[in-house]
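Next come the chains, spelled out residue by residue.
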Amino acid sequence: MPEGTLCNRKPIQTEESLKTLLGDTSGTQYYKQMKELDVDQDLLWSTIQKTCKSRIRTWLEICAHCGMCAESCFLYLINDRDPKQVPAYKIQSTLGEMIKRKGRVDNDFMHMAMETAWAKCTCCNRCGMYCPNGIDMGVMMGYLRGLLYAQGFVPWELKIGAGMHRVYQAQMDVTNEDFVETCEWMAEEYEEDYVGLHFPVDKEGADILYTINAREVKHYPEDLAEAAILFHAAGEDWTITSKGWEQTSLAMFAGDWEACKIQVKSVYDAMERLKPKRMIGTECGHAHRATVVEGPYWAGREDGLPPVKCMHYVEWVAEALRTGKLIIDPDKRIKEPVTLQDSCNYVRNHGLKKITREIMSYMVEPGYFIDMSPNEEHNYCCGGGGGFNGIGLFRKERNKALITKRDQILNTGAKLVIAPCHNCWDAIRDLEEEYKIGIRWSFLKPLLVKMIKFPDHMQPKE
Amino acid sequence: MYEILTGPMIWLSLSVFVIGMIVRAILYVRGLNWQLDRVAYRAHPKAGMKGAARSIIYWLIPFGTSSWQKQPVMAVIFFVFHIGAVCVPLFLLAHNMILKNIFGLAFPITLNLCIADILSWAVVLCAIALILRRIALPEVRILTTTYDYFIIFLAVAPFVTGLFARYQVGEAPFWYTMHLLCGELFLILAPFTKLSHITLFFMSRAQLGMDFGIKRGGLKGANITW
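Overview of the structure. Predicted, not measured: the structure shown is a model, and the values here were computed from it.

Rules and cut-offs
Residues numbered from 1 in each chain as written. Chains lettered and ligands numbered in written order. Predicted model: local features only at pLDDT ≥ 70, side-chain atom pairs only at ≥ 80, totals over all residues. Heavy atoms only, no water. Core = buried A, V, L, I, M, F, W, Y, C linked by side-chain atoms within 4.5 Å. Buried < 20%, exposed > 50% of the residue type's maximum accessible area, 1.4 Å probe, protein only. Helix = DSSP H or I, 4+ residues; strand = E, 2+ residues; numbered from the N terminus. Contact = heavy atoms within 4.5 Å. Buried area = accessible area lost by both parts, 1.4 Å probe. Salt bridge = Lys/Arg side-chain N within 4 Å of Asp/Glu carboxyl O. Polar contact = N/O pair within 3.5 Å; in protein donor to acceptor, adjacent residues only side chain to side chain. Nonpolar A, V, L, I, M, F, W, Y, C, P; charged D, E, K, R; others polar. Axes fitted to C-alpha atoms, helices over the stretch in contact; angles between N-to-C directions. Parallel < 35°, antiparallel > 145°, perpendicular 65-115°, else oblique. Left-handed = near helix turned anticlockwise from the far one by under 90°.

### Topic: the nonpolar core
- A:Leu95, A:Met98, A:Trp316 and A:Met363 are the most contacted members of the largest nonpolar core, which has 211 residues in total.
- In terms of residue count, helix 8 (residues 137–150) of chain A provides more of this core than any other element does, nine residues in total.
- By size, the runner-up hydrophobic cluster in this structure holds 10 residues, among which are B:Ala40, B:Tyr41, B:Ala52 and B:Ile56.

Structural data, given as structure tokens:
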């Protein structure tokens, strides 16, 4: 069979096809059709010739096969040092082989490559820091994902995710109306306790444009409320946008570069329309990576920068605490062993390693903060990055991957893990559910809302 | 044979090596693409240069990176091997005399003969260690191909034959001829094989350094701890 009705090379473009694919529970039919899907070898080879240039070709060529990347990979370590989990092997046996065979690969090969690209790599980029030749295998895995996506060999959830971005410009079926209404609903819910709380919508020229993760609208609306409470308490001139509010990109995990561009352009359009002084995104790692770090390139911005200055939420929190816009009640500082999860996407891949520790110095009573080991840019992935969390087909592998983080946390002795990243937060929640080690986990926002001193004008009148 | 190897073949092999390496470097840079690589190379030259320099320098310092520190045995083998492999051919007195004869100029520094001996033996021993490592460690074995052994052979053959010639084992002219042959083969094949890493190591390290220096945190003022 050349192409299936559900599993094919065409991206999801309409709400209807999205719903049809969603209706195929767990992708049963989808994966069945994938077994029959032909490889368009000409397309594969011509794409490689057009897009695989000197950087990746040199990486593949000069790899000394020294194996020094092995120990850098948490998936290698946690899978009993299986040689097939060595990063260099994973990329040489997939992308390397594809190029060697000039794209003449078959369905079985593509299944193997799909499993390697999504179940044996989270694109955490840690191996790139351990290779003497400066070979970043995570970057190449990302590139491989793009080739696989274009051939229809992509996990079901990510095909849907990329389709969501194409249809809704959000990772879930959340419309612009849903977003604004949820914000209004949250303002109503919380304004009694936090007087004057509201969400300015589409305000032009505000100091801050706040962008979010669609999951917050759908599953954790209180996160939106907490963001508003903190901006309000800090006296910020801020706004949300009724269009282009979604910062995340499952399309990036899927390797759907066109959808990545559509998504990030929707946010940049909002920036250009509202002309804020800066944009601040929610506590999400990959959203920051997609919109701030990689996004400018998808959008064709030659300076590699978004249209306005963009900050991760942790940068704003650190600034607000440093400048006294937010003041923590010393009595409410954290007085129990607490540790911090470094998100690969903004720590290793955007340098924000000191800023989260500065926040800890304000929030945690001295002596109670314990760093994981290794940490900062050398930290291990939470175990669920790069889309791994969301793929049912690879749930077993993902659960095994969580053990690394579980043991890192156990070694700190902390009972509370602060994870300012949606993906990490999910992975840590799942590892607690799976392995029951008796920890709690939290974003920064709910902790801050409980800890800060509120200005008089926000206090409810008795 | 000997006349050809010490005359035109030296010219030819050195030319192929130098020109080949320059071409590889130029092709590498020309093949970089800001949008495909997702690194704004041109837009931030200062941050890019800084990132590139850090990325090269830290990796050239023994134990200068986490990776070297985590694998000290490999680090020692790596550095001893490469220091020998670079210094002996460049600064050996006999090599310099040949260069002076042919080109009329040579490097101002020459290696003390004793040091040259030690370094040459060290290169051979390290090569043996690298081969044993390839056989012994499963994570290296799975990556290893015949081509990897061929590259080690190409790199070490000039040293082995050079040592035979130096100790005048058997018939000296034979080993001199073999040494010249192996050395020239190395120079001629280097630009077309994995030995191109002599140049491309620097290019690749610089590229990743620019990536981190420009895109992945450098502009935030954060220096990556290699």
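Still to come is the rest of the account.
### Observations regarding the interface of chain A and chain B
- The partner chain B presents 53 residues to the 55 residues of chain A that form the contact.
- Together, the buried faces of chain A and chain B total about 4,400 Å²; carbon and sulfur atoms form 58% of this surface.
- For the chain A face of the interface with chain B, the top three residues by lost area are A:Arg55, A:His65 and A:Tyr297, together amounting to 18%.
- Where chain A touches chain B, the interface holds seven salt bridges.
- Salt-bridge contacts for B:Arg24 lead to A:Glu61; the nearest nitrogen and oxygen are separated by 2.7 Å.
- The tally of links from chain A across to chain B stands at 32 residue pairs in polar contact (both at pLDDT 80 or more).
- When residues of the side of chain A that touches chain B are traced back to their parent elements, those giving at least two are helix 3 (41–51), helix 4 (54–62), helix 6 (87–100), helix 15 (285–298) and strand 4 (309–311) of chain A.
- The element that contributes the greatest number of residues to the side of chain A that touches chain B is helix 4 of chain A, accounting for six residues.
- Class assignment of the residues belonging to the side of chain A that touches chain B gives a composition of 25 nonpolar, 15 polar and 15 charged.

### Observations concerning the packing of helix 2 (residues 8–30) of chain B against helix 12 (residues 197–215) of chain B
Residues and elements named next belong to chain B.
- Following both chains from N to C, one finds helix 2 and helix 12 inclined at 20°, their axes separated by 9 Å at the closest point. Relative to helix 12, helix 2 is oriented roughly parallel. In this structure, helix 2 crosses over helix 12, and the sense of that crossing is right-handed. Along its contact with helix 2, which presents Phe-17, Met-21, Arg-24, Ala-25, Tyr-28 and Val-29, the element helix 12 presents Ile-198, Thr-199, Leu-200, Met-203, Ser-204 and Gln-207.
- In terms of residue class, the contact of helix 2 with helix 12 is made up of eight nonpolar, three polar and one charged.

### A word on the pattern of salt bridges
- Summed over the entire model, instances satisfying the criterion amount to 43 salt bridges over all chains.
- With a closest N to O distance of 3.4 Å, A:Lys325 and A:Glu319 form a salt bridge.
- Taken together, the shared-partner salt bridges connect A:Arg55, A:Asp136, B:Asp37, B:Asp211 and B:Arg216 into one network.

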